[in-house]
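Analysis of the macromolecular model
Here are the chains, one letter per residue:
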Amino acid sequence: MTIFASYSIKGGVGKTALAVNLAYALREDGHRTLLIDLDPQCAAAYYFRIKPAAKFKFKEGPKLAGRLRRNIRESDYPGLDVLPSNMAYRNFDIMLDRLKKSRKQLRSILAPLAEEYDSVVLDCPPNLTLLSENIFRVADHLLVPVIPTPLSERTLEQLYQFFKEKKLPPNRIRPFFSMAQKSNRLHREFMAQLRLDYPVFLDTVIPHSVHIERMGQRRRPALDYAPGLAATQAYRKLCLEILKG
Ligand SMILES: Nc1ncnc2c1ncn2[C@@H]1O[C@H](COP(=O)(O)OP(=O)(O)O)[C@@H](O)[C@H]1O
Ligand SMILES: [Mg+2]
């Protein structure tokens, strides 16, 4: 089972758009896929027309993993399941903090899923917390959308710094450009500069596109309702680029 996390310290950078379309692309590639929404806002599940998880006791204990997994739902696409979050997920960190091996809890929650799924996609909340550290330890690929603006470099640097302090493997971090505007000179300049500073950037660029923005109205992956566009195909290209390694 391969675990992909769509993660950034920043909000509004395209994490959920990536998670939703990546899960769709993986399923189209024949992977039995589970999309897990770890953000209390529950946007990823919303895009699949799936309601937030039913209320349950969000507290530690041997039954926690089972309680979480019991909320897995089938999506409209066979082979693609979704585990929605709910507002209780905002307490994930508090709960983790009380546990032993608090940095490896997500690993034990996800481990039993390996029998049923080839790929798991995590849609992460925007912060740098104990939950994030669990994500860093379990994800095979940490996909980081970067909008080509000056602040983004700082955020990426902070992430690498954190990995260094915690002795985590930095090669798991896979940044890529998100919402890039070809016609914007500043964007072009920042992209060129950031590629020089961080040669690990994925080649595939997700452009800014109204067709992707429309996901909020359509409530389906953009790759499903607009498969013929270069902008949406960028998600498939990104998926293939990551799988290629
Ligand atoms: N490539 C894109 N082009 C245009 N709009 C986008 C693109 N990706 C995301 N959006 C829009 O930007 C907003 C934030 O995207 P989202 O994926 O929710 O970010 P995050 O999960 O990082 O907060 C949403 O309204 C979304 O529809
Ligand atoms: Mg999001």
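Presented here is a report on the structure given in the accompanying data block. Please read these numbers as outputs of a predicted model, since none were measured by experiment.

What to know about helix α12 (residues 230-244)
Under the 1.5 Å per step criterion, the end-to-end length of α12 is 20 Å for 15 residues, consistent within 8% with the ideal 21 Å. What α12 keeps buried is the set Ala231, Thr232, Ala234, Tyr235, Leu238, Cys239, Glu241 and Ile242. Buried residues along α12 cover an arc of 165° about the axis, so they all sit on one side. Those residues of α12 that are exposed and angled more than 90 degrees off the buried face are Ala230, Lys237 and Lys244.

Observations regarding the state of the cysteines
Here, disulfide denotes a covalent bond that connects the sulfur atoms of two cysteines. Per the stated rule, a full pass over the model turns up zero disulfides. The thiol of Cys42 is not disulfide-bonded; the next cysteine sulfur, from Cys124, is found 14 Å away. Classification of Cys42 as buried rests on a relative accessible area of 7%.

Points about the layout of surface pockets
As a volume, the largest pocket reaches approximately 480 Å³. As for the largest pocket, its lining consists of 27 residues, and the residues nearest its centre are Gly14, Lys15, Ala17, Tyr47 and Met179. If you list the elements that add at least two residues to the lining of the largest pocket, you get α1 (15-28), α2 (43-47), β7 (173-180), β8 (205-207) and α9 (210-213). With four residues, α1 is the largest single contributor of residues to the lining of the largest pocket. Each residue belonging to the lining of the largest pocket can be placed in one class, and the counts come to 15 nonpolar, eight polar and four charged. Here the second largest pocket is characterised by a volume of approximately 250 Å³. Counting only elements with at least two residues in the lining of the second largest pocket, the list comes to α8 (185-197), β8 and α12.

Considerations on the packing of aromatic side chains
How two aromatic rings sit relative to each other is given by the distance of their centres and the angle of their planes. Counted under the stated rule, the structure contains nine aromatic pairs. Aromatic pair Phe136 and Phe162: ring centres 5.8 Å apart, planes at 70°, arrangement edge-to-face. Separated by 26 residues along the polypeptide, Phe136 in helix α6 (residues 130-138) and Phe162 in helix α7 (residues 150-165) bring together distant segments of the chain. A relative accessible area of 1% means that Phe136 is categorised as buried.

With respect to the site of ligand 1
Taken together, 14 residues lie near ligand 1, and Gly12, Lys15, Thr16, Ala17 and Pro207 sit nearest. The separation between an oxygen atom of ligand 1 and a polar main-chain atom of Gly12 is 2.7 Å. One of the side-chain nitrogen or oxygen atoms of Lys15 is found 2.7 Å away from an oxygen atom of ligand 1. Relative to its free-state accessible area of 560 Å², ligand 1 is covered by the protein chains to the extent of 80%. Put simply, ligand 1 lies in the largest pocket. Among the secondary structure elements, those contributing two or more residues to the shell around ligand 1 are α1, β8 and α9. Considered class by class, the residues forming the shell around ligand 1 number six nonpolar, six polar and two charged.

Definitions and cut-offs
- Residues numbered from 1 in each chain as written.
- Chains lettered and ligands numbered in written order.
- Predicted model: local features only at pLDDT ≥ 70, side-chain atom pairs only at ≥ 80, totals over all residues.
- Heavy atoms only, no water.
- Helix = DSSP H or I, 4+ residues; strand = E, 2+ residues; numbered from the N terminus.
- Expected span 1.5 Å × (residues − 1).
- Buried < 20%, exposed > 50% of the residue type's maximum accessible area, 1.4 Å probe, protein only.
- Arc of directions from axis to C-beta.
- Disulfide = S-S within 2.5 Å.
- 1 Å grid on protein atoms, 1.4 Å probe; cavity = no way out; pocket = protein on both sides within 12 Å on 5 of 7 lines; lining within 4 Å.
- Points joined across faces, edges and corners; volume = space filled by probe spheres on them.
- Nonpolar A, V, L, I, M, F, W, Y, C, P; charged D, E, K, R; others polar.
- Phe/Tyr/Trp six-rings, centres within 6.5 Å; stacked < 30°, edge-to-face > 60°.
- Near = heavy atom within 4 Å.
- Polar contact = N/O pair within 3.5 Å; in protein donor to acceptor, adjacent residues only side chain to side chain.
- Areas by Shrake-Rupley, 256 points an atom, 1.4 Å probe, with all protein chains shown as cover.
- Sits in = over half its atoms within 2 Å of the grid points.

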